Amino acid sequence: MTQTAIPCTFMRGGTSRGPYFLARDLPDSREDIARVLLAVMGSPDARQIDGIGGATTLTSKVCIVSPAAAGEKQQVDYLFAQVSVDKAFVDFGPTCGNMLAGIGPFAIEKGLVPAKDGETSVLIRAVNTGALIESVVQTPGGAVTYDGGTAIAGVPGTAAPIVLNFADAVGGATGSLTPTGNARDVIEGVEVTCLDVAMPVVIARAADLGKTARESAKELDADRDFMARIERIRRAASLAMGMGDAEGKVMPKFAMVAEPAGGQGIAARYFTPLACHEAMAVTGGICIATACMLPGTVAEGLARIGPNERETIAIEHPTGQMEAVITTRRAGNDRVEVLGGGTLRTARKLMAGEVFVPARVWAGR
């Protein structure tokens, strides 16, 4: 069988993993790209045995990177693709903040952004949502380093820190901080907060769903009645947010929150959306943390945070905690304006070379 070789770099980004491609090495149209990526990852198949996917939503992700057009503010464009494991479907709707952690190092090593001695700032546009993100990468001596002392929950060991600053995170998908116009809505009989900060998320109190937000991901996934219920809420909320029917789509996401077990912040469980995230998505975590800073949300009274306009908020998730930094400003009429959000991640290059797909896939036959 004749095969087509495609250059790629296999990387861990945050708590996710997958291949990173230069856009010039893939077909031009989204339809053709999707067909190739399904073959690359081995979908649809529960084991992804005929590809390089890891058979989970967190390990069936793809990043496509290209230099920005002349005159653009950003330096590189980042297109994210969520490849379904068991369906012949590639979703280009959402972005992924964990995989985003690998974009800066990848862009520098591919020569898209010149490295500086010490650290290098890479301005990235998330093509899926239009958001601009500054990624600060450690580059001692003008070269990317992956070694460092930063640990993130859900990843063993330590690595070099990568700072991600979402400067224009508000309304990236819907055009509004609160797409329904309310801090709280009642949907399918449950109070929820619908926010769009880095990622549109429908947030409910765990207690209102008969949960504690301390359950493991496996426990929640195994409760099929619960999973069906939150999917009904998510789809109804999507319509209320002006995002259309969310069936078969990964946006908006769903999360439930509760009082933290210890320290400041909030306990949360985040769904991807048909399974509980085993850790916490960066973009989803920023949205949940923002809810903690806004009056009237379902997180009000649950989250333990300070009174400052810039707060670091710990989000307890199934494998530890993630810290999000949210910056707000007090406006008139007791309003709170969200200025930005960020977080700290790590990444590691795992392998570089070529991935092979059947030549007929590339040719579209």
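Each value, and the rule that gives it
Residues numbered from 1 in each chain as written. Predicted model: local features only at pLDDT ≥ 70, side-chain atom pairs only at ≥ 80, totals over all residues. Heavy atoms only, no water. 1 Å grid on protein atoms, 1.4 Å probe; cavity = no way out; pocket = protein on both sides within 12 Å on 5 of 7 lines; lining within 4 Å. Points joined across faces, edges and corners; volume = space filled by probe spheres on them. Helix = DSSP H or I, 4+ residues; strand = E, 2+ residues; numbered from the N terminus. Nonpolar A, V, L, I, M, F, W, Y, C, P; charged D, E, K, R; others polar. Expected span 1.5 Å × (residues − 1). Buried < 20%, exposed > 50% of the residue type's maximum accessible area, 1.4 Å probe, protein only. Phe/Tyr/Trp six-rings, centres within 6.5 Å; stacked < 30°, edge-to-face > 60°. Lys NZ or Arg CZ within 6 Å of the ring centre and 35° of its normal. Disulfide = S-S within 2.5 Å. Salt bridge = Lys/Arg side-chain N within 4 Å of Asp/Glu carboxyl O. Polar contact = N/O pair within 3.5 Å; in protein donor to acceptor, adjacent residues only side chain to side chain. Contact = heavy atoms within 4.5 Å. Pairing = 2+ DSSP bridges.

Draft legend 1. Quick peek at the layout of surface pockets. Of the pockets and cavities examined, the largest pocket occupies roughly 980 Å³. Of all the secondary-structure elements, those providing two or more residues to the lining of the largest pocket are strand 2 (16–22), strand 4 (76–83), helix 4 (217–222) and helix 5 (224–240). Here the lining of the largest pocket takes four residues from helix 5, the largest share from any one element. Here the lining of the largest pocket is composed, by residue class, of 17 nonpolar, 12 polar and 14 charged. Roughly 320 Å³ of internal volume is contained in the second largest pocket. Every residue lining the second largest pocket is counted, 22 residues in all, and those nearest its centre are Glu 323, Val 325, Gly 342, Thr 343 and Leu 344. Elements that contribute at least two residues to the lining of the second largest pocket include exactly strand 8 (162–166), strand 14 (310–317), strand 15 (320–330) and strand 16 (336–345). For the lining of the second largest pocket, the element with the most residues is strand 16, which contributes six residues.

Draft legend 2. Quick look at helix 6 (residues 282–293). In a regular helix each residue adds 1.5 Å, so 12 residues correspond to 16 Å; helix 6 covers 17 Å between its end C-alpha atoms and thus fits that length. Within helix 6 the residues assigned to the buried category are Val 282, Thr 283, Gly 284, Gly 285, Ile 286, Cys 287, Ile 288, Ala 289, Thr 290, Ala 291, Cys 292 and Met 293.

Draft legend 3. Region of the structure containing the packing of aromatic side chains. The full count for this structure, using the stated rule, is three aromatic pairs. Through pairs of rings, three or more aromatic residues link up here, namely Phe 226, Phe 254 and Phe 271. Looking at Arg 30, its charged tip hangs above the ring of Phe 92, at a distance of 5.0 Å from the centre.

Draft legend 4. Molecular detail of the state of the cysteines. If you walk through the whole model with that rule in mind, you get zero disulfides. Cys 287 supplies the cysteine sulfur nearest to Cys 292, a cysteine that is in no disulfide, at a spacing of 10 Å. Under the relative-accessibility criterion, Cys 292 is labelled buried at 8%.

Draft legend 5. Molecular detail of the pattern of salt bridges. Counted under the stated rule, the structure contains 10 salt bridges. Of the charged contacts in the structure, one is a salt bridge between Lys 87 and Asp 86, with a shortest N-O distance of 3.8 Å. Lys 87 sits in the exposed class, given a relative accessible area of 52%. Between Lys 349 and Glu 109 there is a salt bridge, with the nearest N and O atoms lying 3.1 Å from each other. Of this pair, Lys 349 sits in strand 17 (residues 347–358) while Glu 109 sits in helix 3 (residues 103–109), and the two are 240 residues apart along the sequence. According to the relative accessible area criterion, Lys 349 is partly exposed, its value standing at 33%.

Draft legend 6. Expanded view of the side chain of Gln 74. Of note, Gln 74 is situated in the loop between strand 3 (61–67) and strand 4. Within the local environment of Gln 74, its side chain forms a polar contact with the side chain of Asp 77, the two groups lying 2.8 Å apart. Contacts of Gln 74, omitting those with residues within four sequence positions, involve Ala 68, Leu 123, Ile 124, Arg 125 and Leu 132.

Draft legend 7. Here's a closer look at the pairing of strand 10 (residues 190–197). Across the eight residues that make up strand 10, a large majority, seven, are buried. Alignment of strand 9 (residues 185–187) against strand 10, held across three bridges, turns out to be antiparallel. By the bridge assignment for strand 10, Val 186 is matched with Glu 191. Following strand 9, the chain reverses through two residues before pairing antiparallel with strand 10; Glu 188 in that reversal takes a positive phi of roughly 55°. Taking the residues that link successive antiparallel strands as the turn, the strand 10-strand 11 (residues 199–205) hairpin has one residue, and the phi of Ala 198 there is positive, at about 70°.

Draft legend 8. Inspection of empty space enclosed by the protein at higher detail. Going through the model one piece at a time under the given rule, you end up with four cavities of 30 Å³ or more. Along its surface, the largest cavity is lined by 17 residues, and Lys 61, Gln 82, Thr 95, Lys 253 and Thr 272 are the ones closest to its centre. Taken together, the residues of the lining of the largest cavity sort by class into eight nonpolar, seven polar and two charged. What the second largest cavity holds in volume is close to 40 Å³.

Draft legend 9. Structural detail: unusual backbone geometry. For the bond running from Ser 43 to Pro 44, omega is 0°, close enough to zero to count as cis. Position of Pro 44 among the secondary structure elements: in the loop between helix 1 (30–41) and strand 3. In this structure, the amide linkage connecting Met 251 to the following residue, Pro 252, adopts the cis form with an omega of -5°. Position of Pro 252 among the secondary structure elements: in the loop between helix 5 and strand 12 (253–258). Phi at Ala 55 is positive, roughly 70°, even though this residue is not glycine. Mapped onto the secondary structure, Ala 55 falls in the loop between helix 1 and strand 3. A positive phi is found at Ala 213, a non-glycine position, where the angle reads about 65°. When you line up the elements, Ala 213 lands in the loop between strand 11 and helix 4. Looking at Ala 213, the relative accessible area reads 1%, which means it is buried.

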